[in-house]
Amino acid sequence: MGLNSSSLAELDSNEYLLKFVGKESIPKADEFWKKLLSYSFDIPHTTSDARLLEEASLNLCKSLAAQNLLTGNLCTLVEIFLERVVALKNYVKTENHVLTWQTYNALFIIRRVLKYNLENLSEGRLLQQLSVHAGPDSAVPVASQVSLSENHEPLAENLLQKLIHSLVKMLVEVPVLNFTYIIHLEAINTLLVLLSLQLYIPRIQNKSLILQYFMHGTCSEDAHILIKMLLDNFIKHEECPPELLGKPEESVSLLYGLTAAVAAGLWAVLTLGYGVRNDQRTKKKDTAILANQSLLLVLVLTHHFTHDKGMHNPYRRALGTFANSQDGGLASHMAGQPPPPFKINFTILFEAFCNHLSDDQSTLLLYSLLHQNINFRTFILAGTNVDLLIIPLLRILYDAQEKNSHHIYMALIVLLILSEDDTFNKCVHELMLKQVPWYTERAISEITLGGLIVLVVIRTIQFNITRMRDKYLHTNCLAALANMSSQFHSLHPYVSQRIVSLFELLIKKHDKIVAQLRPIALAQREGGLTQEQEMEQQDLLSDLSVLEEVVRMVLEIINSCLSNTLAHNPHFVYTLLYKQDLFVGFKAHPKFQDIIQNIDTVLTYFSNRFDQHQAADMTDIQVLDLIKQSMLQWPRDRLRKFPELKFKYVEEEQPEEFFIPYVWTLCYHSSNLYWDPDRIELFSLSNGTS
């Protein structure tokens, strides 16, 4: 990878690669290594072409896997890389571009070989490949016997551990500059490849030695610094240097002197596996590659070992306990807690989420922080500009038809976590929005943020009813609305209509299921059911039970608003009066009659006031004025007291069963690394979440 170049078709005949993967053990001091690391291949720019490169290099990788057990050439290359990383850290201030370039080339080859071994062999075979004592006598390979002690203390490092440790050290000690951007990128991708063993196992794998190296090896001592560095990359969202993005004939040289001739080819190497998987991606999004890869690595590192007894995830702890650098030194440890592992400016982290919340991985990181990090959650809830975060979050839900179900689910959970706080619920109904251009159902010139939340969540429920039919999505949508309902304030007429329209839609579905059950019940009384009828009856009864739970929650939301903020929502009362016939059929229903009583009491009170003032001859404005006047005399003690509606998000008992496949699905789709779909066993590529 350097002065000379080689196309895909020439890889199998490249003399340096053939020697590297051949039967000859090459000493570390041999000039061969400098020549190998100064070679430039004609690397493709798209993921599909990257697959072609992997196929073109397959025989070379096979040969190396067979011969390396005798030659130890892979181990020698890793050792050369480790030495160059030390040198790179020492000479980074001198901007040694040649050293950076050759260090990158070494790591690129290592990553390709590691990926082949993990995909095609096994973890044990990979450890064996990296345990060969290379030398003039081609020593017999020694399989790795390294494991973790029972108390998970760091052990003496083998070569793989040294590689992982070196990559982490390089990431945290070498600054991200124009000429080091490429090596940071390759280091993160190599770590992702090493962790990708999980992709090829159908069950959640916590026994992996590689994974345990990350959690309890020497690299874990820098876990908090690594997480901080990765979050910094996400916050800065630096685009790839323009020198690396241009076409070969247009590139501005990143390197000088000897390396200038191959500067253009450097981006070709860089983009192996970074090809765009969707032509709709914008250039700006494509070029912030380091931020995206850093985000994915944070998610992978922090979603393993989340609840295992006796196992400790230092990356997860760091993510859940870091503090605000702008808090004046008043951190959580003042309340008897240990000091935070590091601090970050929460304001710029908040701004990063506001600007980059459109993809799954950003939303998942936001969820992780709100769920695990009380410092960050408190900061968000105390802010006065929460609309900057909520509006892009609502946009995710609004565009549900373009998103996968997991993304919608995580956005809703974020909303649910925020809605657990009464101050948030009050604040969103005080923030007035002028125009929401992406909301096209109806032109609304002015609406509160709380009203917009209600509109979008109800739209999500209706989308789910017609498309996804996910019970848990219903539950989380309604839980968020229920948490907010006691603080509903100044509901827009259209918002009021949508709440009642949701109830109307549910009634129609309820009546339809009841109608479908009647002939089956009649057949049952007259002589029994066929097996097919019994199955249909069970399905319908199950659907009816779920639907009645949803209807009950909607009624409780309406009641909560009337019980707590009736005087502040004249448009809502107006809409209920206009549609009061909807509630008549449920007055005697055993599951709803208690809650309907309260709603009926309100409707009766205002209906009587209308009769007294002959409201039938009034205009809409006059009716609304009458409602506002009548509210002044409304006796609140008339309504029956119900428990306050409060729902709290709680993770499943085994969160890894959901999050680990989800995180690796994101890596598969968003890292732009090529993963062989035929070898993936962790998740199915045929379903919508993949």
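These lines cover the structure that appears in this document, whether it is placed above or below. Fair warning: this is a prediction, and the values are worked out from it, not measured in the lab.

A separate point is the overall build of the chain. Along the backbone of the chain there are 30 helices and six strands. A sequence separation of at least 24 residues applies to 75% of the contacts in the chain between residues at least 6 apart. Of the roughly 30,200 Å² of accessible surface on the chain, a fraction of 50% belongs to carbon and sulfur atoms.

The subject of this paragraph is the pattern of salt bridges. On inspection of all chains with the given rule, the structure shows 22 salt bridges. Across the salt bridge formed by arginine 395 and aspartate 399, the nearest N and O atoms sit 3.0 Å from each other. Across the salt bridge formed by aspartate 594 and arginine 552, the nearest N and O atoms sit 2.7 Å from each other. With aspartate 594 in helix H28 (residues 593–612) and arginine 552 in helix H26 (residues 531–565), this residue pair connects regions lying 42 residues apart in the sequence. For arginine 552, a relative accessible area of 17% corresponds to the buried category. One salt-bridge network, held together by shared partners, links Glu54, Arg112, Lys115 and Glu119.

Turning our eyes to something else, we now look at helix H11 (residues 223–236). Counted at 1.5 Å a residue, the expected span for H11 with its 14 residues is 20 Å, and the 20 Å between its end C-alpha atoms agrees. In terms of residue burial, H11 counts as a mostly covered element, since ten of its 14 residues are buried. For H11, the set of buried residues is Ala223, Leu226, Ile227, Met229, Leu230, Leu231, Asp232, Asn233, Phe234 and Ile235. At the exit of H11 stands histidine 237, carrying a positive phi of roughly 50°.

Throughout the structure, instances matching the rule amount to 26 aromatic pairs. Measuring from centroid to centroid gives 5.3 Å for phenylalanine 346 and phenylalanine 376, while their planes differ by 90°, and the two rings are edge-to-face. Of this pair, phenylalanine 346 sits in helix H17 (residues 346–355) while phenylalanine 376 is found in helix H19 (residues 374–382), placing the two residues 30 residues apart along the sequence. Residue classification places phenylalanine 346 among the buried positions, given a relative accessible area of 1%. On the basis of relative accessibility, which here comes to 0%, the residue phenylalanine 376 falls in the buried class.

Attention now goes to the nonpolar core. If you look at the biggest cluster of nonpolar residues, it comprises 224 residues, and the most contacted ones within it are Phe353, Leu365, Ile390, Leu394, Ile453 and Phe583. Counting residues per element, this core draws most heavily on H26, which supplies twelve residues.

Turning our attention to the environment of serine 560. You can see serine 560 is positioned in helix H26. Not counting chain neighbours up to four residues away, the residues in contact with serine 560 comprise Ser485, Ser486, Thr565 and Leu645. A distance of 3.4 Å separates a polar side-chain atom of serine 560 from the backbone nitrogen of serine 486.

On to a negative patch on the surface, then. Where like charges cluster on the molecular surface, the negative patch consists of Glu532, Glu536, Asp539 and Asp543. Summarising the element assignment, aspartate 539 is placed in helix H26.

Contact geometry of helix H21 (residues 405–419) with helix H24 (residues 471–485) gives a least axis separation of 9 Å together with a crossing angle of 25°. With respect to each other, H21 and H24 are oriented roughly parallel. Between H21 and H24 lies a crossing whose hand is left-handed. Of H24, the residues touching H21 (which contributes Ile408, Tyr409, Leu412, Ile413, Leu416 and Ser419) are Leu473, Asn476, Cys477, Ala479, Ala480, Asn483 and Met484.

Reading the values: rules and limits
Residues numbered from 1 in each chain as written. Predicted model: local features only at pLDDT ≥ 70, side-chain atom pairs only at ≥ 80, totals over all residues. Heavy atoms only, no water. Helix = DSSP H or I, 4+ residues; strand = E, 2+ residues; numbered from the N terminus. Contact = heavy atoms within 4.5 Å. Areas by Shrake-Rupley, 256 points an atom, 1.4 Å probe, with all protein chains shown as cover. Salt bridge = Lys/Arg side-chain N within 4 Å of Asp/Glu carboxyl O. Buried < 20%, exposed > 50% of the residue type's maximum accessible area, 1.4 Å probe, protein only. Expected span 1.5 Å × (residues − 1). Phe/Tyr/Trp six-rings, centres within 6.5 Å; stacked < 30°, edge-to-face > 60°. Core = buried A, V, L, I, M, F, W, Y, C linked by side-chain atoms within 4.5 Å. Polar contact = N/O pair within 3.5 Å; in protein donor to acceptor, adjacent residues only side chain to side chain. Patch = residues over 30% accessible without salt bridge, like charges linked within 9 Å, V, L, I, M, F, W, Y side chains within 5 Å. Lys, Arg positive; Asp, Glu negative; His and termini not counted. Charge placed at Lys NZ, Arg CZ, Asp CG, Glu CD. Axes fitted to C-alpha atoms, helices over the stretch in contact; angles between N-to-C directions. Parallel < 35°, antiparallel > 145°, perpendicular 65-115°, else oblique. Left-handed = near helix turned anticlockwise from the far one by under 90°.

Shape is all these values report; function is a separate question.
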